[in-house]
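The chain contents come next:
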Amino acid sequence: MKGIKGQLSSLPVSDLMQWIEMNRKSGMLIISGDKKSTCFCFKEGSVLLASFNEDGKRFGDYLVREAHIEAGKIKEILSISRDKKASFISYLADNKIVSEDFIKAILEQVSEFVLVDILGWQEGSFQFIEALPDIIGDSPVRLNTSHLVFESVRKYDESLREKSSSGA
């Protein structure tokens, strides 16, 4: 399988994501470090999905909080979408469980949260695999990677300024 891997100390995640966008890459970027791991899925350089391995910080967790969909219903929808070989996001949008605009807003929240967290990691590794499961690639929602990186770096810098001004 084609791809690259390395250390975040050699290639920061913001540069890596911009490289993926500029080269219109499709695949999965897996980042591990600080006892956490995350995955971004890209299609032609745009972010389709971001996932985090912490309870309360996954896409479905945001849907529970923001769309007030019960966790059991999320699991049921996920199972149905897998059975139908459709992406979870496509199934949500196609069946009007939530609107594409709402999905995009939630995906932006999750992606920014994940990226801001990664920007603070002192150590970590990455692997970009140039393969994307069809079930993810058919998502109707795509995020502009440059905008996501810019907003996340801005929020990360703001959090550092707040910490330094509060003496923390």
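What you see is a predicted model; the values in this text were computed from it and never measured.

Another aspect to go through is the overall build of the protein. The secondary structure content of the protein amounts to seven helices and five strands. Listing the helices and strands of the protein from first to last along the sequence gives β-α-β-β-β-α-α-α-α-β-α-α. Here the C-alpha radius of gyration of the protein, 16 Å, is about what a compact globule of 168 residues would show, namely 15 Å. Across the 168 residues that make up the protein, the buried fraction comes to 40%. Counting contacts in the protein only where the partners sit at least 6 residues apart, residues at least 24 apart contribute 70% of the total. Here the protein has roughly 9300 Å² of accessible surface; of this, 49% comes from carbon and sulfur atoms.

Attention shifts here to the packing of aromatic side chains. Taken as a whole, this structure holds five aromatic pairs when the rule is applied. Both rings, one in Phe40 and one in Phe42, keep their centres 6.4 Å apart while their planes meet at 35°; by these two values the pair is tilted. Just as Phe40 is buried, Phe42 falls in that class too. Pairing Phe42 with Phe128 gives two aromatic rings, centres 6.4 Å apart and planes at 70°, and the pair type is edge-to-face. Pair noted here: Phe42 is in strand E3 (residues 36-43) and Phe128 is in strand E5 (residues 125-129), with a separation of 86 residues, a long-range link. Neither residue differs from the other here; Phe42 and Phe128 are each classed as buried. Site record: aromatic cluster; members linked through ring pairs are Trp19, Phe40, Phe42 and Phe128.

What follows deals with the environment of Leu143. Structurally, the position occupied by Leu143 is in the loop between helix H6 (134-137) and helix H7 (145-166). For Leu143 and Val47, which are 96 residues apart along the polypeptide, the C-alpha to C-alpha distance reads 4.9 Å. When sequence neighbours within four positions are dropped, the list of residues in contact with Leu143 reads Ser46, Val47, Lys104, Leu107, Glu108 and Ser111.

For Ile118, the location among the structural elements is in helix H5 (residues 100-119). In sequence terms Ile118 and Ser152 are 34 residues apart; their C-alpha atoms lie 9.8 Å from each other. The contact partners of Ile118, leaving out residues within four places of it in the chain, are Leu8, Val13, Ile31, Thr38 and Phe40.

A word on helix H3 (residues 71-83). End to end, H3 covers 19 Å across 13 residues, agreeing with the expected 18 Å (1.5 Å per residue, within 8%). Looking at H3, one finds that the buried residues are Ile74, Ile77 and Ser81. Angular distribution of buried residues about the axis of H3 spans 65°; they occupy a single face of the element. Across H3 from its buried face, at more than 90 degrees, point the exposed residues Gly72, Lys75, Arg82 and Asp83. Packed against the buried residues of H3 are helix H2 (59-66), helix H4 (88-94) and H6. Lys85, located one to two residues past H3, shows a positive phi value of around 55°.

Scoring rules and cut-offs
- Residues numbered from 1 in each chain as written.
- Predicted model: local features only at pLDDT ≥ 70, side-chain atom pairs only at ≥ 80, totals over all residues.
- Heavy atoms only, no water.
- Helix = DSSP H or I, 4+ residues; strand = E, 2+ residues; numbered from the N terminus.
- Rg over C-alpha atoms; globule rule 2.2 N^0.38 Å.
- Buried < 20%, exposed > 50% of the residue type's maximum accessible area, 1.4 Å probe, protein only.
- Contact = heavy atoms within 4.5 Å.
- Areas by Shrake-Rupley, 256 points an atom, 1.4 Å probe, with all protein chains shown as cover.
- Phe/Tyr/Trp six-rings, centres within 6.5 Å; stacked < 30°, edge-to-face > 60°.
- Expected span 1.5 Å × (residues − 1).
- Arc of directions from axis to C-beta.

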